[in-house]
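If you want the building blocks of each chain, they are given just below.
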Amino acid sequence: MRGEGAAVGSSVEAVFREERGRLLASLVHRFGDLDLAEEVTSEAIEAALVHWPAEGVPSRPGAWLLTTARRRAVDRLRRDRVLATRLAVLQAEAERAGPAPPADADRDLPDDRLALFFTCAHPALPAQDRGALTLRFLAGLTTTEVARAFLVPPTTMAQRLVRAKRKIRDARIPFRVPGADELPERLPTVLQAVYSIFTEGYAASSGPDLQRTDLTEEAIRLARILRRLLPGEQEVAGLLALMLLTDARRAARTGPDGEVVLLDDQDRTRWDHAMIDEGRALVLVALTGGQPGPYGVQAAIAALHDEAADVASTDWPQVVALYDVLLTMVPSPVVALNRAAAVAMRDGPEAGLALLDGLADDPRLRGYHLYPATRADLLRRLGRDDEAAASYRSALALVGTEPERAHLLRRLASVADD
Amino acid sequence: MLLYMSAATDAEAGDQCTFEDWIRYEREMKDSGIWVSGHPLQDLTTCTSVRVGADGERTITDGPFVETREVLGGYDIIDVPDLDAALKWAARSPGATGGASVQVRPIAEIPVGV
């Protein structure tokens with residue numbers, strides 16, 4: 001009996017994971033209220049937890065959940081006069097917009113998640129909240145989990161989410177997919193929100209590792225959903241490719257004691273080659289059929305690294321050429337820094353150093369530890385140990401995470417004589 | 001839509017929109033049926049501020065208290081379904097160009113019965 005219960009339990013978990021975002025999106029579409037949608041989604045899931053173990057999982061669990069949630073929503077609206085007034089307005093608007101969709105139970109859960117992506121990442125919301133909203137409403141993480149993801153206290157995150165939800169409601173941020181004319185302007189904020197989730201997970205060599213891995217996986221899962229919903233968008237393919245090609249190196253990025261292992265020293269047999277293959281196929285999609293975007297170009301660079309047998313045989317001329325392209329799209333000093341490092345691989349450390357010196361006065365690189373760290377590595381390769389040591393010390397003064405600090409200390413020890 | 005423009009002192013800076021641009025924009029709003037009301041405001045030099053202190057005493061001063069580069073130059077109330085629609089109209093306003101900006105804010109709805 002117990003085993004059976006556990007089996008139902010795990011399939012129920014899987015159903016919730018798959019259906020929660022769709023359910024929520026569908027309810028927001030119908031009722032225009034994120035809070036209400038959230039509450040009745042939770043209630044429907046609770047009801048399922050009561051009924052399904054006894055009666056079995058229904059053949060169309062999504063439709064079951066939607067019907068249950070809608071009934072609860074209508075009940076609540078009947079009780080709540082303020083909301084009821086709003087609903088009357090919404091229904092009038094819906095009627096004006098066109099005929100209602102066919103009756104609930106006969107339809108599978110409609111997929112309104114794309115509209116929810118655009119709502120959560122609307123440019124009228126603070127940039128820092130877009131990733132959080134996406135995790136909360138599309139990935140279905142709890143507020144506590146979202147707080148942990150972005151390394152803020154749960155109460156802070158709760159306040160931020162409440163404020164964002166209030167703005168969505170009161171400023172009338174629409175729940176809809178932008179038209180073709182607005183899509184190029186709006187899609188980047190959605191992609192950036194998903195990518196911010198990925199980078200939060202990827203950049204964390206510190207902290208509880210498992211949770212951070214969950215984040216990169218969640219970002220990839222969200223990008224796969226986007227890719228299904230927007231199959232014609234090259235940058236969606238580009239973002240998914242970039243994340244797959246980067247995450248493929250995860251196992252080799254840290255040593256047995258959690259220390260940083262740079263690309264040069266990684267054991268490439270430990271890379272996930274299935275992910276690399278999938279990423280490479282997506283890069284082709286991202287680069288063909290129209291002007292590629294910054295994610296596609298970054299993915300192409302990642303693919304060149306992932307395809308090479310070792311650092312020496314990497315196609316550095318091609319890497320530099322792609323950075324040239326990227327620099328025209330994203331004129332950021334960090335991109336210029338990466339380009340300089342690639343030039344150093346193609347033409348030797350002096351050439352890279354000359355480019356780095358040209359960036360020395362950029363205020364945006366002040367406080368960025370990878371600038372002195374990159375400089376130090378080039379000086380070390382030139383045998384200019386004293387200067388390298390000084391640069392490693394500058395980097396150490398700026399570095400944030402422990403594993404990176406340990407790495408810099410090891411490098412410093414290799415060039416400092418004392 | 002609140003139209004924020006440069007204070008008169010630096011009005012000569014940048015390419016300013018013409019009077020005709022405003023006339024055209026206003027006509028477009030009216031023709032589309034979204035325009036409810038609105039007014040341009042007189043220049044900041046005509047502004048007078050009133051404050052009533054805790055003791056009930058009235059203080060009248062010349063101009064706004066806060067020294068700002070941008071001042072409210074006028075407003076338009078429009079009736080559109082959502083923020084995206086409002087932002088589209090705001091972006092078409094001559095007041096959104098030349099370093100000026102248009103702020104979009106919903107009118108607060110006071111609940112019935114309060």
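Treat the numbers as computed from the prediction; the structure is a model and nothing was measured. (Residues numbered from 1 in each chain as written. Chains lettered and ligands numbered in written order. Predicted model: local features only at pLDDT ≥ 70, side-chain atom pairs only at ≥ 80, totals over all residues. Heavy atoms only, no water.)

### Focus on the overall build of chain B
A tally of regular secondary structure across chain B gives 2 helices and 6 strands. When the elements of chain B are put in sequence order from the N terminus, they spell out β-α-β-β-β-β-α-β. Every one of the 114 residues in chain B was classed for burial, and the buried ones make up 25%. Summing over all exposed atoms, chain B offers an accessible surface of approximately 8,100 Å²; the carbon and sulfur share of this is 55%. (Helix = DSSP H or I, 4+ residues; strand = E, 2+ residues; numbered from the N terminus. Buried < 20%, exposed > 50% of the residue type's maximum accessible area, 1.4 Å probe, protein only. Areas by Shrake-Rupley, 256 points an atom, 1.4 Å probe, with all protein chains shown as cover.)

### A look at the interface of chain A and chain B
Taken residue by residue, the interface counts 11 residues in chain A and 8 residues in chain B. Together chain A and chain B conceal approximately 780 Å² of surface at their shared face, both sides included; 53% is due to carbon and sulfur atoms. Contact with chain B buries surface across chain A, with Ala171(A), Arg172(A) and Pro174(A) losing the most and accounting together for 43% of the total. A salt bridge links Asp84(B) to Arg176(A); the shortest N-O distance between them is 2.9 Å. In terms of residue class, the side of chain A that touches chain B is built from 4 nonpolar, 1 polar and 6 charged. (Contact = heavy atoms within 4.5 Å. Buried area = accessible area lost by both parts, 1.4 Å probe. Salt bridge = Lys/Arg side-chain N within 4 Å of Asp/Glu carboxyl O. Nonpolar A, V, L, I, M, F, W, Y, C, P; charged D, E, K, R; others polar.)

### Overview of helix α11 (residues 234–247) of chain A
In an α-helix, one turn spans 3.6 residues, which is why side chains three or four residues apart end up on the same side. With 14 residues, α11(A) should reach 20 Å at 1.5 Å per residue; the first-to-last C-alpha distance of 20 Å fits that figure. α11(A) sits mainly inside the fold: 14 of its 14 residues count as buried. (Expected span 1.5 Å × (residues − 1).)

### Structural notes on the packing of aromatic side chains
Evaluation of the coordinates by the stated rule reveals 6 aromatic pairs over all chains. Consider the rings of Tyr195(A) and Tyr295(A), whose centres lie 5.5 Å apart with planes at 75°: the pair is edge-to-face. Residue Tyr195(A) is located in helix α9 (residues 183–202), and its partner Tyr295(A) is located in helix α14 (residues 294–307); the two are separated by 100 residues in the primary sequence. A residue is classified by how much of its surface remains accessible, and Tyr195(A), at 18% relative accessible area, is buried. Ring geometry for Tyr25(B) versus Trp89(B): centroids 6.3 Å apart, planes at 50°, classification tilted. In this pair, Tyr25(B) is assigned in helix α1 (residues 19–32) and Trp89(B) in helix α2 (residues 83–92), connecting sequence segments 64 residues apart. Per residue, the accessibility class of Tyr25(B) equals that of Trp89(B), and both read buried. Within the aromatic cluster, the residues linked to one another by ring pairs are Tyr195(A), Phe198(A), Tyr202(A) and Tyr295(A). Here Arg92(B) stacks its cationic end above the ring of Trp89(B), 4.4 Å away from the centre of that ring. (Phe/Tyr/Trp six-rings, centres within 6.5 Å; stacked < 30°, edge-to-face > 60°. Lys NZ or Arg CZ within 6 Å of the ring centre and 35° of its normal.)

### Here we look at the packing of α1(B) against α2(B)
Residue and element names in this part refer to chain B. Contact geometry of α1 with α2 gives a least axis separation of 10 Å together with a crossing angle of 150°. Relative to α2, the element α1 lies roughly antiparallel. Listed contacts from α2 to Tyr25, Glu28, Met29 and Ser32 of α1 are Trp89, Ala90 and Arg92. Considered class by class, the residues forming the contact of α1 with α2 number 4 nonpolar, 1 polar and 2 charged. (Axes fitted to C-alpha atoms, helices over the stretch in contact; angles between N-to-C directions. Parallel < 35°, antiparallel > 145°, perpendicular 65-115°, else oblique.)

### A look at the confidence of the model for chain B
Overall, the predicted model of chain B reaches an average pLDDT of 82, with 85% of residues at or above 70. The complex prediction reports pTM at 0.84, with the ipTM value standing at 0.77. (pLDDT = per-residue confidence, 0-100.)

### Looking at the pattern of salt bridges
Evaluation of the coordinates by the stated rule reveals 33 salt bridges over all chains. Within the structure, one salt-bridge network assembled from shared partners comprises Arg176(A), Asp181(A), Glu182(A), Arg186(A), Asp84(B) and Lys88(B).

### Quick word on the nonpolar core
Residues and elements named next belong to chain A. Counting residues in each nonpolar core, the largest one holds 100 residues, and the members touching the most others are Leu65, Leu116, Leu135, Val194 and Met243. Residues within four places of methionine 243 in sequence aside, it is in contact with Val194, Tyr195, Phe198, Ala219, Ile220 and Ala223. If you look at the next biggest cluster of nonpolar residues, it comprises 23 residues, including Leu378, Leu379, Leu408 and Ala416. (Core = buried A, V, L, I, M, F, W, Y, C linked by side-chain atoms within 4.5 Å.)

### Digging into the side chain of Arg130(A)
Residue and element names in this part refer to chain A. Position of arginine 130 among the secondary structure elements: in helix α6 (residues 127–137). Buried and without a salt bridge, arginine 130 has aspartate 129 as its closest oppositely charged side chain, separated by 8.5 Å. In this structure arginine 130 touches Cys120, Ala121, His122, Pro123, Leu125, Thr189 and Ala193, once residues within four positions along its chain are discounted. (Lys, Arg positive; Asp, Glu negative; His and termini not counted.)

### Examining unusual backbone geometry
For residues other than glycine, phi is negative in most cases, and the peptide bonds are mostly trans. Residue and element names in this part refer to chain A. A positive phi is found at leucine 151, a non-glycine position, where the angle reads about 55°. Structurally, the position occupied by leucine 151 is in the loop between α7 (143–149) and α8 (154–170). Relative accessible area serves as the criterion here: at 66%, leucine 151 is assigned to the exposed category. We note that arginine 172 has phi near 55°; this positive angle belongs to a residue other than glycine.

### Some details on the environment of Ala139(A)
All names here are of chain A. For alanine 139, the position within the fold is in the loop between α6 and α7. Classification of alanine 139 as buried rests on a relative accessible area of 10%. Between the C-alpha atom of alanine 139 and that of leucine 226, which follows or precedes it by 87 residues, the distance is 12 Å. Apart from the residues lying within four places of it in its own chain, the contact partners of alanine 139 are Thr134, Glu218, Arg221 and Leu222.

### Thoughts on the sheet that holds strand β6 (residues 101–103) of chain B
All names here are of chain B. Pairing within the open sheet is antiparallel, and its 4 strands lie in the order β2-β5-β1-β6. The strands lining the two open edges of the sheet, one partner per strand, are β2 (35–40) and β6. Strand after strand, the sheet turns through a mean of 25° between neighbouring axes, direction not considered. Relative to strand β5 (residues 70–78), strand β1 (residues 2–6) is paired through 5 bridges, and the arrangement is antiparallel. Of the residues in β5, the one forming a bridge with leucine 2 is tyrosine 75. (Pairing = 2+ DSSP bridges.)

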